[in-house]
Every structure is written in structure tokens, then in C-alpha cells.
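# A look at the structure
Below, each chain spelled out in residue letters.
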Amino acid sequence: MELLELLECSPPLAREPLDAEQAAGVARVFKALGDPVRLRILSIVASREGGEACVCDITDAFELSQPTISHHLKVLKDVGLLTSERRASWVYYRLVPDTLAELSTLLNTPATV
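Residues numbered from 1 in each chain as written. Predicted model: local features only at pLDDT ≥ 70, side-chain atom pairs only at ≥ 80, totals over all residues. Heavy atoms only, no water.

## Brief notes about helix α6 (residues 97–107)
- Among the residues of α6, those classed as buried are Thr99, Leu103 and Leu106. Viewed end-on, α6 has its buried residues packed into an arc of 60°, placing them on one side of the element. Exposed residues on α6 whose side chains face more than 90 degrees from its buried face are Pro97 and Asp98. (Buried < 20%, exposed > 50% of the residue type's maximum accessible area, 1.4 Å probe, protein only. Helix = DSSP H or I, 4+ residues; strand = E, 2+ residues; numbered from the N terminus. Arc of directions from axis to C-beta.)

Encoded structure:
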């Protein structure tokens, strides 16, 4: 089940506990974010003008092989944090704002908790 589908029906953590399926889905996203390379990739994409980055710009920011970068990009796409679009011979990546908003809503707790 997609993260957005899981979170559409789940309230923020402070109101009601997640069920097992919801927790597993959200954990996949946090596991993807738990890798420093993937977190840096998200930061690179988010900080680019227009909110998108060419795969060439992402690859150039690391001392990792192209297949390794491709793996990390695939993980981020699989959990719904990134989307991509091919333009000629390059692929451009963008954040999925809805996924980030859902994670933010899930973690948003009142100051009194």
C-alpha cells in the first residue's frame, strides 16, 4: 500500500496509534530517509532552482558509482519521495510534496505532548 494511502486514513501520532500496516508503510519511508546518501539526494533536489535536479547533477555531488546513485534514486522513488521525468537522454527528479506533507502531518504533535 502506498504511503499516502496509509496516511490518508491515519491521524497524527498523538491522537491515535498506527495499526501494523500503517506503521510498516511509514517505516519504509523513514528507513529510506535514514540513509545519509538518500537524505543528501533529497536535499540536492529540494534546493535546486525550480525544485528539480538532473541525474547528472546528483551524480556529480557524490564520489559514488552511477549504479549506486541509481539504486538510491530508485529507493526514494519506490517510497514515493521522488518522481522523475526523462527529457532526451537525461532524467530529472522532483520531490513529491504530498508525501512530505503527509509525513509532516503525521509527526505534527501539540506542544503539550
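Back to the text.
## Quick look at the packing of helix α3 (residues 36–47) against helix α5 (residues 66–78)
- Direction vectors running N to C along α3 and α5 enclose 75°, while the axes themselves pass 10 Å from each other. Taken together, the axes of α3 and α5 lie roughly perpendicular to each other. Each of Val37, Arg38, Ile41 and Leu42 in α3 lies in contact with α5, whose residues at this interface are His71, His72, Leu73, Val75 and Leu76.
- Of the residues that constitute the contact of α3 with α5, the class distribution is six nonpolar, two polar and one charged. (Axes fitted to C-alpha atoms, helices over the stretch in contact; angles between N-to-C directions. Parallel < 35°, antiparallel > 145°, perpendicular 65-115°, else oblique. Contact = heavy atoms within 4.5 Å. Nonpolar A, V, L, I, M, F, W, Y, C, P; charged D, E, K, R; others polar.)

## Regarding unusual backbone geometry
- Although it is not a glycine, Ala88 sits at a positive phi angle of roughly 55°.
- Classification of Ala88 by relative accessible area gives exposed; the value is 75%.

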